[in-house]
Amino acid sequence: MRYTQSKQKSSARVRGAVKIPSPKAVRARTRWGRRKRAASSSQSPDEGSAIVEFLGLGITLLIPIMYGVLTVFSLQASVMAAHSASAQVAQYVRELPKEQSLSQAQANELATLVAQDYGVAASDISVALSCSSSCGSNDTIRVDVSVNARLPLVPIGNGVVPVSSYSMSWGS
C-alpha cells in the first residue's frame, strides 16, 4: 500500500481508511493526549535567576580558588629559589681552584643572583655558609639558604612564610 496525500488542505495523510496525523500535529500533543498550551508572552517567575546564581557562585568560589592557586605558585617559586640557590653555591665552591676560597659576601651575592631568576627579592634571602676550614674546594661545606616567601595580597609583615634549603659539598 502506498501513502497518498489527500486532496484536501488538511495536514493528515490517508492510508486506506486510517487517517495518519502529521508530525506537526503529533508534536503538539503531550504524553497523555492533551494539546499543549501555546507559549505565553509573559516570562515565568524563575526567568533570569540562572545568571544571578552563576555570578553569585562564580564570585564566591572563583576568588578563593584563584587566591589559593596564586599562593601555591608563590610558595613553589620560593621553594625552588631556595633549593637552586643552595645547590648553585655548593657547586660553585666545588668548582673553585684549590688555592681560592669563598667568602660569605660572595655566597650571598651568588644566592641572590640565582633566586632573582625565580622572582624573589634580594632582601628576602639569607645565606649561611659553614665550612670545615677555609671554604675551599677540598673542604666540607654546608650552604643554608632561607627565603621569605611573600603571600599574594597580604600586607607586609604578616604575609611571610619562611622557606629554607641546604646543600652539602664534601670536597673534590
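Residues numbered from 1 in each chain as written. Predicted model: local features only at pLDDT ≥ 70, side-chain atom pairs only at ≥ 80, totals over all residues. Heavy atoms only, no water.

Q: Break down the nonpolar core for me, citing the residues and quoting the values.
A: Residues Leu102, Ile125, Val127, Leu129, Val143 and Val145 are the most contacted members of the largest nonpolar core, which totals 23 residues. Sort the elements by how many residues they give to this core and helix α2 (residues 49–94) lands first, with six residues. For Ile125, the residues in contact, after removing those within four places along its chain, are Ala111, Thr112, Ala115, Val120, Val145, Ser146 and Val147. (Core = buried A, V, L, I, M, F, W, Y, C linked by side-chain atoms within 4.5 Å. Buried < 20%, exposed > 50% of the residue type's maximum accessible area, 1.4 Å probe, protein only. Helix = DSSP H or I, 4+ residues; strand = E, 2+ residues; numbered from the N terminus. Contact = heavy atoms within 4.5 Å.)

Q: Describe the pattern of salt bridges, listing the residues and the values that go with them.
A: Under the counting rule described, the total for this entry stands at two salt bridges. The shortest N-O distance in the salt bridge between Asp124 and Arg150 comes to 3.0 Å. Here Asp124, found in the loop between α3 (104–116) and β4 (125–131), pairs with Arg150, found in strand β5 (residues 141–150); they are 26 residues apart in sequence, far enough to count as distant. Residue Arg150 is classed as partly exposed on the basis of its relative accessible area, which comes to 37%. Here Asp144 makes a salt bridge to Arg142, at a shortest N to O gap of 3.2 Å. (Salt bridge = Lys/Arg side-chain N within 4 Å of Asp/Glu carboxyl O.)

Q: I'd like a rundown of α2, residues and numbers included.
A: Helix length check: α2, at 46 residues, gives a terminal C-alpha distance of 67 Å against a target of 68 Å (1.5 Å per residue), a fit within 8%. Among all positions in α2, only Thr71, Ser74, Ser78, Ala81, Ala82, Ser84, Ala85, Ser86, Val89, Ala90 and Val93 are buried. In this structure, the buried side of α2 is in contact with α3, β5 and β6 (160–169). (Expected span 1.5 Å × (residues − 1).)

Q: Hey, could you go over α3 for me, with residue numbers and the actual values?
A: When the terminal C-alpha atoms of α3 are compared, their 18 Å separation across 13 residues agrees well with the 18 Å that a helix rising 1.5 Å per residue should span. What α3 keeps buried is the set Ala107, Ala111, Thr112, Val114 and Ala115. The arc enclosing the buried residues of α3, seen along the axis, measures out at 165°, which places them on a common side. Exposed residues on α3 whose side chains face more than 90 degrees from its buried face are Ala105, Glu109 and Leu113. (Arc of directions from axis to C-beta.)

Q: Give me the lowdown on the side chain of Asp124, citing residues and values where you can.
A: Overall, the relative accessible area of 8% leaves Asp124 in the buried class. At 3.0 Å, the side chain of Asp124 and the side chain of Arg150 are in polar contact. Setting aside its immediate chain neighbours within four residues, Asp124 contacts Ser146, Val147, Asn148 and Arg150. (Polar contact = N/O pair within 3.5 Å; in protein donor to acceptor, adjacent residues only side chain to side chain.)

Q: So what's going on with the sheet that holds β4? Residues and values would help.
A: Read from one edge of the open sheet, three strands run β4-β5-β6, paired in antiparallel fashion. Strands with a single pairing partner mark the edges of an open sheet, and in this sheet they are β4 and β6. The average angle at which neighbouring strand axes cross in this sheet is 15°, direction not considered. Running at roughly 25° to β6, α2 makes contact with β5 and β6 of the sheet. (Pairing = 2+ DSSP bridges. Axes fitted to C-alpha atoms, helices over the stretch in contact; angles between N-to-C directions.)

Q: Lay out the side chain of Ser86 in plain terms, naming residues and giving numbers.
A: Examined against the element boundaries, Ser86 turns out to sit in helix α2. Exposure remark for Ser86: the relative accessible area of 0% places this residue in the buried category. Those residues within four positions of Ser86 in sequence are excluded, and the remaining contacts are Val143, Val145, Ser165, Tyr166 and Ser167.

Q: Lay out a nonpolar patch on the surface with the relevant residues and their values.
A: On the surface, a cluster of nonpolar side chains totalling about 660 Å² of accessible area is made up of Ile51, Val52, Phe54, Leu55, Ile59 and Ile63. Tracing the sequence through the fold places Ile63 in helix α2. Overall, the relative accessible area of 56% leaves Ile63 in the exposed class. (Patch = residues over 30% accessible without salt bridge, like charges linked within 9 Å, V, L, I, M, F, W, Y side chains within 5 Å. Areas by Shrake-Rupley, 256 points an atom, 1.4 Å probe, with all protein chains shown as cover.)

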